[in-house]
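Tertiary structure, described
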There are 2 protein chains.
Amino acid sequence: MTPHRPLRFDPIEEASRNWHRAGWGDAAAGMTLVTSIMRAHQILLSRVDATLVPFGLTFARFEVLMLLDFSRTGRLPLSKIGERLQVHPASVTNAINRLQRDGFVARLEHPTDRRTTLAAITRSGRRVVRNAAKALNEGAFGDPGLDRDQIDTVVRVLAELRRDAKDFEPSPAADAVAGARDDLAVDDGGAGDGARR
Amino acid sequence: MTPHRPLRFDPIEEASRNWHRAGWGDAAAGMTLVTSIMRAHQILLSRVDATLVPFGLTFARFEVLMLLDFSRTGRLPLSKIGERLQVHPASVTNAINRLQRDGFVARLEHPTDRRTTLAAITRSGRRVVRNAAKALNEGAFGDPGLDRDQIDTVVRVLAELRRDAKDFEPSPAADAVAGARDDLAVDDGGAGDGARR
DNA sequence: GAACTTTACTTGGATGTCAAAGCATCAAAC
DNA sequence: GTTTGATGCTTTGACATCCAAGTAAAGTTC
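Residues numbered from 1 in each chain as written. Chains lettered and ligands numbered in written order. Predicted model: local features only at pLDDT ≥ 70, side-chain atom pairs only at ≥ 80, totals over all residues. Heavy atoms only, no water.

1. A word on the protein's contact with DNA strand D
Taken together, 26 residues surround DNA strand D, and among them Gln42(A), Ser79(A), Thr93(A), Arg107(A) and Thr58(B) come closest. Taking the atoms of DNA strand D that fall within 4 Å of the protein, sugar and phosphate contribute 83% of them. Within the backbone of Thr117(A), an N or O atom sits 2.8 Å from a phosphate oxygen of DNA strand D. With respect to DNA strand D, the backbone of His88(B) contributes an N or O atom lying 3.0 Å from a phosphate oxygen. Where the surface near DNA strand D is concerned, the elements lending two or more residues are helix 4 (78–85) and helix 5 (89–101) of chain A together with helix 3 (59–70) and helix 5 (89–101) of chain B. It is helix 5 of chain B that contributes the most residues to the surface near DNA strand D, five residues altogether. Per-class residue counts for the surface near DNA strand D are seven nonpolar, 11 polar and eight charged. (Near = heavy atom within 4 Å. Polar contact = N/O pair within 3.5 Å; in protein donor to acceptor, adjacent residues only side chain to side chain. Helix = DSSP H or I, 4+ residues; strand = E, 2+ residues; numbered from the N terminus. Nonpolar A, V, L, I, M, F, W, Y, C, P; charged D, E, K, R; others polar.)

In structure tokens form, the structure reads like this:
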């Protein structure tokens, strides 16, 4: 993130005062929430990306590799990656292109569905993502600048925001089925470099 | 945002379980915080940008216009805009270029410092940003999908995150001086269209 | 006053986001 | 079996982010 000297006042608090002065008090809380999330995102993304530079990764690509590393077979259809990471298909294509360029992922054809492209993590992809994860765990993830209670509080409230946005079904029963079914989409291994058989 | 059907489970909770299984429990809370903020950012930005489409604005440009609209003289140096919005100088240049292209902002020379470019909001800039603000107040800001207590809680914790990132000085005394001094950088008006004199 | 340092901004490039459109393929309906 | 609808992915383009480098101008130091 751009090195910067602290401002003498909280710019978001100042914006909130301006919102009230403009007569928009009812929406001031929502405006403050939105701009706070925007700034928090920027701070955290900057820290994460800085940590990943030595591994030749960005957070977007790191997430894709983590998902593949955690999957049962080390490979997933691109559509499944987009669904799980909740990004646009074009973003998945972009990330996979770059990971393929760097040798961390290989594209495979689906054995029975010719619409589908499979992304398969390679040996060097596994190596780099595990090393990157360790670096993140020691840095941005291990010490995000808030204590455990604060983290749990924000995570709980944001889970409600995500539920409200229809990210996932609220049923705890649905949770119990989690992860046990999703990468069944990749159930018969094709020959591919780095694919675990 | 890309229309999407809810997943049957919370992908971030699933990621947290994976993190624990990998033996990285100590960092799981931080990882969950980071990915929750990332997703919340995406949800909120998508709502805000969708609201702004009819005004020909994005959130980045909207923020610049709001800052100018709230400033005392309707004009600010680009460096001040970057400082207050906490974005990179190149991002400010980009936003001002687009706002100038659309006639919402004019670039003015600084009367005494030739390094400095002033951005001055135009009449149509004021009109569009106020209409856009109303639309946001009725939509994304007025009903962000959380109740007031939840919003206040998240905002308070994220303020601490921003303070920890040196966004602003923690002193309440500094706050008292807020806003009364910053756009003093633009203290002698130059003739410019839309400039309030 | 000259030399050096800092500041302001722009440009070019890399990155990642999503919308829109298109093509190929598979699924469903008849 | 044919037609229609849905799905998967890619490509293109618009947008915004920041890094790095460069130029011009102001400030500081000697």
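That covers the picture; the talk isn't over yet.
2. Notes on the relation of the copies chain B and chain A
Under the fitted operation, chain B is carried onto chain A by 0.0 Å of movement along the axis and a turn of 180°, and the coordinates agree to an RMSD of 0.0 Å. Taken together, the rotation angle and the small translation identify this as a two-fold axis. Within chain B, the C-alpha atom positioned nearest to the axis of rotation is that of Val154(B), 2.8 Å from it. When the interface residues of chain B are mapped onto chain A, 100% of them again fall at the interface, so both copies present the same face. (Least-squares fit on C-alpha atoms with pLDDT ≥ 70 in both. Contact = heavy atoms within 4.5 Å.)

3. Describing the confidence of the model for chain A
With 86% of its residues at a pLDDT of 70 or more, chain A shows a mean pLDDT of 86. Segment residues 173–197 of chain A is flagged for pLDDT under 50; beyond a separation of four residues in sequence, or across chains, it makes 56 contacts in the model. (pLDDT = per-residue confidence, 0-100.)

4. Brief notes about the protein's contact with DNA strand C
Taken together, 26 residues form the shell around DNA strand C, and within it Thr58(A), Arg98(A), Ser79(B), Thr93(B) and Arg107(B) come nearest. Of all DNA strand C atoms lying within 4 Å of any protein atom, the proportion belonging to sugar or phosphate reaches 83%. Within the side chain of Arg115(A), a nitrogen or oxygen atom sits 3.2 Å from a sugar or linking oxygen of DNA strand C. Of all the secondary-structure elements, those providing two or more residues to the surface near DNA strand C are helix 3 (59–70) and helix 5 of chain A together with helix 4 (78–85) and helix 5 of chain B. Of the residues forming the surface near DNA strand C, the biggest block, five residues, is contributed by helix 5 of chain A. Grouping the amino acids of the surface near DNA strand C by side-chain chemistry returns seven nonpolar, 11 polar and eight charged.

5. Quick look at the packing of aromatic side chains
Going through the model one piece at a time under the given rule, you end up with 10 aromatic pairs over all chains. Each ring, one from Phe59(A) and one from Phe62(A), has its centre 6.3 Å from the other, and the planes form 20°; the classification is stacked. On the criterion of helical spacing, the pair formed by Phe59(A) and Phe62(A) is a turn pair, its members being three residues apart in helix 3. Exposure class is identical for Phe59(A) and Phe62(A). Each is buried. Ring pairing ties together the aromatic residues Trp19(A), Trp24(A), Phe70(B) and Phe141(B), which thus form one cluster. (Phe/Tyr/Trp six-rings, centres within 6.5 Å; stacked < 30°, edge-to-face > 60°. Buried < 20%, exposed > 50% of the residue type's maximum accessible area, 1.4 Å probe, protein only.)

6. What to know about unusual backbone geometry
All names here are of chain A. Unusually for a residue other than glycine, Gln 86 sits at a positive phi of about 55°. Here Gln 86 shows up in the loop between helix 4 and helix 5. A positive phi angle, close to 65°, is found at Lys 166, a residue other than glycine. Checked against the element boundaries, Lys 166 lands in the loop between helix 7 (148–164) and helix 8 (172–176).

7. Details of the nonpolar core
Core analysis: the biggest nonpolar cluster contains 96 residues, and Phe62(A), Ile81(A), Phe141(A), Phe62(B), Ile81(B) and Phe141(B) have the highest contact counts within it. When sequence neighbours within four positions are dropped, the list of residues in contact with Ile81(A) reads Val64(A), Leu67(A), Leu68(A), Leu76(A), Gln86(A), Val92(A), Ile96(A) and Ala119(A). (Core = buried A, V, L, I, M, F, W, Y, C linked by side-chain atoms within 4.5 Å.)

8. Considerations on the interface of chain B and chain A
Interface size, as often reported, equals the accessible area lost upon joining of the parts. Each partner contributes to the interface: chain B provides 77 residues, whereas chain A provides 77 residues. Across the chain B to chain A interface the summed buried area is about 8,000 Å²; carbon plus sulfur atoms make up 68%. In terms of surface lost to chain A, no three residues of chain B exceed Leu7(B), Arg8(B) and Arg162(B), which account for 8% of the buried area on that side. One can count six salt bridges joining chain B with chain A. A salt bridge links Asp10(A) to Arg162(B); the nearest nitrogen and oxygen atoms lie 2.8 Å apart. Our count for the contact surface shared by chain B and chain A stands at 12 residue pairs in polar contact (both at pLDDT 80 or more). No other element matches helix 2 (residues 25–52) of chain B, which puts 20 residues into the side of chain B that touches chain A. Of the residues that constitute the side of chain B that touches chain A, the class distribution is 39 nonpolar, 17 polar and 21 charged. (Buried area = accessible area lost by both parts, 1.4 Å probe. Salt bridge = Lys/Arg side-chain N within 4 Å of Asp/Glu carboxyl O.)

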